[in-house]
Amino acid sequence: MEQQTICPWCDTEIVWDEEIGPEKHCPHCENELSGYRTMQIGIDRDEDEQDDNWEEEQEQQQDDSYNDDSNEGFRQMNVSWLAAEATIRQMTDSQEEAPECPSCREYMLEAGKQTVSLQPTIHAVTGKPVIQSPFETVTYICPSCFQTSTVLSEKARNQMLELLAPKE
């Protein structure tokens, strides 16, 4: 009997044989497959066989299921979160840029812009700073693991390239 698993991170179908056993990590994106947001799908099973194993599978799922009363994990899967996912998808689609989270590879949401003021370092190689102060950054937040990431704004990127490019 073959079992199929859908990777919650890259949505790739992973098929494994009963003799070999289940994969612990996705061969495509290398993320963990067990526990959090993992869906097991049984294919090509007879209804009789399915009825016989149903109770056993339900007990096992209840034992392995996430405890909603605890604060384990970094994101609870519930009805409110499922509703929020649609909004999150619309927000990322409307953004000019939607970088991937370096931690979990979900698309990040733009949180806002920040003006940074600092004393720039004058580099010996160019005799100029890398960027003039003040400059603007854009902060992104991952809706899945809540990591934050900061990137130079488009204007600051262009300013940096102009300072680094040799003048002819």
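Residues numbered from 1 in each chain as written. Predicted model: local features only at pLDDT ≥ 70, side-chain atom pairs only at ≥ 80, totals over all residues. Heavy atoms only, no water.

Novice: Any chance you could explain the sheet that holds strand β5 (residues 135–141) here in plain terms?
Specialist: For sheets, the rule is that strands pair by backbone hydrogen bonds, running either parallel or antiparallel. Spatial ordering of the open sheet is given by β4-β5-β6, a layout of three strands whose pairing is antiparallel. Each of the sheet's edge strands pairs with one partner strand only, and the pair in question is β4 (109–116) and β6 (148–152). Ignoring strand direction, the axes of neighbouring strands in this sheet form an average angle of 30°. One ladder, built from seven bridges, connects β4 with β5; its direction is antiparallel. Considered in β5, the bridge of Val-116 is made with Phe-135. (Pairing = 2+ DSSP bridges. Helix = DSSP H or I, 4+ residues; strand = E, 2+ residues; numbered from the N terminus. Axes fitted to C-alpha atoms, helices over the stretch in contact; angles between N-to-C directions.)

Novice: Please explain the confidence of the model for the protein chain as it appears in this structure.
Specialist: In low-pLDDT regions, the fine details of the predicted coordinates are not to be read closely. Put simply, the protein chain has an average pLDDT of 76, and 70% of its residues get 70 or more. Of all secondary-structure elements in the protein chain, the lowest mean pLDDT belongs to helix α1 (residues 47–64), at 54, while β5 reaches the highest, 95. Taken together, the stretch residues 65–75 has pLDDT below 50 and engages in 17 contacts with residues farther than four places along the chain or on a different chain. (pLDDT = per-residue confidence, 0-100. Contact = heavy atoms within 4.5 Å.)

Novice: I'm lost on the nonpolar core in this one. Help?
Specialist: Counting seven residues, the largest nonpolar core is built from Cys-101, Cys-104, Met-108, Val-138, Tyr-140, Cys-142 and Cys-145. Those residues in contact with Cys-104 that sit more than four places away from it in its chain are Trp-9, Cys-142, Ser-144 and Cys-145. One finds Cys-7, Cys-26, Cys-29 and Leu-33 within the second-largest nonpolar core, a separate group that totals five residues. (Core = buried A, V, L, I, M, F, W, Y, C linked by side-chain atoms within 4.5 Å. Buried < 20%, exposed > 50% of the residue type's maximum accessible area, 1.4 Å probe, protein only.)

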